[in-house]
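Given next are the chains, with one letter for each unit.
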Amino acid sequence: MNSQILVSRRSIQLLRVMLSGIFLVASLHHLFNIEKTVKRIDQASFKRIAYFFGNPELLVILSGVVMLIAGFGLLIGFKTRWTAIILLAVLIPITLTVQVGQITTLGPLFKNIAIAGGLLFFILNDFKDQQTTKI
């Protein structure tokens, strides 16, 4: 079934801009609160995931830089599909490490799931520069 849905270009831009905000804020938190972020990883139930990838302090810095660059790319609409893929690749291990296994953080877990859904929207859909976009 090949059905199409008309979507306002403005609504796609708005979603992209609003979605990028979480990554820009998180990147600054990672870069300016490295010790606090590493401590949060150390307290997580699945901290082994972070340690599998390497030194948590280095990972916090790298993820902060990647989220800042890709978040800005998403904000301005530069290579939207690729920035969404990169952001999802950063979001998944963060979610698995910090959110999963924390019964008190079910809200943030589902927030991250919703963010992943927004990123998947941009990964799965190829948008052309039109006033109304067909999905």
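Residues numbered from 1 in each chain as written. Predicted model: local features only at pLDDT ≥ 70, side-chain atom pairs only at ≥ 80, totals over all residues. Heavy atoms only, no water.

With that settled, consider the packing of helix α5 (residues 80-99) against helix α6 (residues 106-124). Relative orientation of the contacting elements α5 and α6 amounts to 160 degrees, with a least axis distance of 9 Å. Overall, the two elements α5 and α6 adopt an arrangement that is roughly antiparallel. α6 is crossed by α5, and the crossing has left-handed handedness. Note on element contacts: α6 touches α5 through Pro-108, Leu-109, Asn-112, Ile-115, Ala-116, Leu-119, Leu-120, Phe-122, Ile-123 and Leu-124, opposite Thr-80, Arg-81, Ala-84, Ile-85, Leu-87, Leu-88, Leu-91, Thr-95 and Gln-99. Residues belonging to the contact of α5 with α6 are distributed by class as follows: 14 nonpolar, four polar and one charged. (Axes fitted to C-alpha atoms, helices over the stretch in contact; angles between N-to-C directions. Helix = DSSP H or I, 4+ residues; strand = E, 2+ residues; numbered from the N terminus. Parallel < 35°, antiparallel > 145°, perpendicular 65-115°, else oblique. Left-handed = near helix turned anticlockwise from the far one by under 90°. Contact = heavy atoms within 4.5 Å. Nonpolar A, V, L, I, M, F, W, Y, C, P; charged D, E, K, R; others polar.)

Take the confidence of the model for the chain next. With 90% of its residues at a pLDDT of at least 70, the chain reaches an overall mean of 87. Note that pLDDT drops below 50 for residues 129-133; the model gives that stretch 14 contacts with residues more than four away or on any other chain. (pLDDT = per-residue confidence, 0-100.)

For the rest of this paragraph, the subject is a nonpolar patch on the surface. On the surface, a nonpolar cluster with roughly 550 Å² of combined accessible area is contributed by Leu-28, Phe-32, Ile-61, Val-65, Leu-68 and Ile-69. Counting only elements with at least two residues in the nonpolar patch, the list comes to α1 (9-32) and α4 (56-76). Looking at the nonpolar patch, the element that brings in the most residues is α4, giving four residues. Here Ile-69 is to be found in helix α4. (Patch = residues over 30% accessible without salt bridge, like charges linked within 9 Å, V, L, I, M, F, W, Y side chains within 5 Å. Areas by Shrake-Rupley, 256 points an atom, 1.4 Å probe, with all protein chains shown as cover. Salt bridge = Lys/Arg side-chain N within 4 Å of Asp/Glu carboxyl O.)

Moving on, we come to the packing of α1 against α6. What describes two packed helices is the angle between their axes and the distance between those same axes. Here α1 crosses α6 at 135 degrees, and the two axes come no closer than 11 Å. It follows from the interaxial angle that α1 and α6 lie oblique. Relative to α6, α1 is oriented so that their crossing is left-handed. Contact residues: Ile-12, Leu-15, Arg-16, Leu-19, Ile-22 and Phe-23 in α1; Lys-111, Ile-115, Gly-118, Leu-119, Phe-121 and Phe-122 in α6. Its residues assigned to classes, the contact of α1 with α6 comprises nine nonpolar, one polar and two charged.

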